[in-house]
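Notes for the structure review
Letter by letter, the chains look like this.
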Amino acid sequence: MKRVAVTGAFSYTGRYLSKLLLEKGHSVVNLSSRSTPIASSGLSSEEAQRISTYPLDFSNELLLGKALEGSSVLWCTYWIRFERGDTFAAAAQRCARLFEVARQAGVQRIVFTSHTHSTVDSPFSYIAGKAQAVEALRSLDVSYAVARPCGIFGDTAQESILMNNAAWVLRRSPLFLLAGDGQQRFQPIHVRDMAQLLLELGQLDYPSGSTPPNEEVDACGPDAPTALELFKHIGRSVGSRAMVLAPGILSTRLVTQMTKPINWITGDILLDGDDLDLLASGLTVAERPDDPRIASRRSLMTWILWRSWVGVLWGAFMVGQR
Ligand SMILES: NC(=O)c1ccc[n+]([C@@H]2O[C@H](COP(=O)([O-])OP(=O)(O)OC[C@H]3O[C@@H](n4cnc5c(N)ncnc54)[C@H](OP(=O)(O)O)[C@@H]3O)[C@@H](O)[C@H]2O)c1
């Protein structure tokens, strides 16, 4: 048994990772503002009770260091979704400090969740910030791994907000319009496959005394449909007769405006302009599509069909994060 630390052990991906860690007999430390799971799926309340929580308080490095003492691996899923009142560059600096505190506390390996095709000079500040955090990790004298997702989907409506709410619109509207030519590809990973990959990247079974190799890998599923293929497939799976069109004249900003009513209903932000620009950028696909692990993961297109059969109410209600 090893002691390990996870930022957001009660949040989305962290719940599924923590479950796998507990099943392997490890002791999990949660660094988070949450002391209970964000949802009941993924981690039972009995399992949650076996996890000890410490605040992810970047202003208190002493306490962070104490929380990390004795942990062999840190999984850092921490990130912010929007720059409102904050910046991605500042989030990257917080990650860099956390990595350093973890190193000083004796953590032997750090696993960070980045994003596909992130570069420090990216015009997308979300992924430029991710790249800055990765740079900080690379320059640290500690063994590390980086997982690169571009989207994560799961088995409940809340875990697949974009697709659930698209299904809601497709069930009700005669027309579903896409930005640009609809040829942008999207290659998300199922949350359970993401958790499994993160577990493997932690290299908990690596022979003691030797250092596991640094790794940077895609966290993508086997399907990379274009936006047109994806939303037509969702429409067919929920029995929609809506026409899904990409007339080639709609800007991402205009389409973002069209999603505003969904934001009002759900009290969440479905897509902001930057999200949609990123989805339309060609960067939401694997960097190394020939990675053999990708083919073995859950298929997005099959999952959509499964959702429509098992979750007959899928897309019946709009959902948000709050
Ligand atoms: N979900 C996707 O589609 C997607 C796509 C590409 C990359 N990623 C990356 O994959 C990782 C895991 O994603 P996820 O969806 O599973 O993330 P998540 O569970 O929603 O959040 C991960 C962590 O970030 C913290 N966090 C989020 N917003 C915060 C804020 N405004 N202030 C302080 N802490 C905040 C959460 O804190 P609490 O523990 O307090 O909740 C949690 O510890 C993230 O790094 C994300 O950027 C996700």
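Just so it is clear, the model here is predicted, and its values are computed rather than measured.

What counts as what
- Residues numbered from 1 in each chain as written.
- Predicted model: local features only at pLDDT ≥ 70, side-chain atom pairs only at ≥ 80, totals over all residues.
- UniProt positions renumbered as here; feature names shortened; annotations may be inferred.
- Helix = DSSP H or I, 4+ residues; strand = E, 2+ residues; numbered from the N terminus.
- Buried ≥ 20, exposed ≤ 12 C-beta atoms within 10 Å, placed from the backbone.
- Arc of directions from axis to C-beta.
- Contact = placed C-beta atoms within 7 Å.
- Pairing = 2+ DSSP bridges.
- Right-handed = clockwise from strand over helix to strand, strands pointing away.
- Axes fitted to C-alpha atoms, helices over the stretch in contact; angles between N-to-C directions.
- Parallel < 35°, antiparallel > 145°, perpendicular 65-115°, else oblique.
- Left-handed = near helix turned anticlockwise from the far one by under 90°.
- Nonpolar A, V, L, I, M, F, W, Y, C, P; charged D, E, K, R; others polar.
- Domains from an automatic or database assignment.
- Near = placed C-beta within 6 Å.

**Quick look at the UniProt feature "domain: NAD-dependent epimerase/dehydratase" (unreviewed entry) in the protein chain**
When the UniProt feature table is mapped onto this chain, "domain: NAD-dependent epimerase/dehydratase" (unreviewed entry) is found at residues 4-199. The distance separating the terminal C-alpha atoms of residues 4-199 is 11 Å; by composition the span is 39% helix and 17% strand.

**Some details on helix α13 (residues 300-310)**
Buried residues of α13: Leu 300, Trp 303, Ile 304 and Arg 307, and no others. Seen from one end, α13 has its buried residues packed into an arc of 105°, which puts them on one side. Every exposed residue of α13 that faces more than 90 degrees away from the buried side is listed here: Thr 302 and Trp 309. Turning to α13, the residues buried within the fold contact β7 (152-153), β9 (189-190) and α8 (227-237).

**So, the pairing of strand β2 (residues 27-31)**
For β2, the buried fraction is high: four of the five residues fall into the buried class. Sheet topology places strand β1 (residues 3-7) next to β2; five bridges connect them, and they run parallel. The partner of Thr 7 across the bridge, within β2, is Leu 31. Regarding topology, helix α1 (residues 12-23) serves as the crossover connection from β1 to the parallel β2, and that connection is right-handed.

**Looking at the packing of α8 against α13**
At a minimum axis distance of 9 Å, the contact between α8 and α13 shows a crossing angle of 25°. Classed by the angle they form, the pair α8 and α13 counts as roughly parallel. Considering how the two elements wind past one another, α8 and α13 form a crossing that is right-handed. Contacts from His 233, Ile 234 and Ser 237 in α8 reach Met 301, Ile 304, Leu 305 and Ser 308 in α13. Per-class residue counts for the contact of α8 with α13 are four nonpolar, three polar and no charged.

**A few points about the domain arrangement of the protein chain**
Along its sequence, the protein chain is carved into domain 1 (3-148) and domain 2 (155-187 + 222-310). Domain 1 and domain 2 are separated by 27 Å when their C-alpha centres are compared. Contacts between the two partners involve nine residues from domain 1, matched on the other side by 14 residues from domain 2. Here the side of domain 1 that touches domain 2 is built from residues that sort into five nonpolar, three polar and one charged.

**Digging into the site of the ligand**
Among the 20 residues in the neighbourhood of the ligand, the closest are listed as Gly 8, Ser 11, Tyr 12, Thr 13 and Ser 32. The biggest single contributor to the shell around the ligand is α1, with three residues. For the shell around the ligand, a count of residues per class yields seven nonpolar, eleven polar and two charged.

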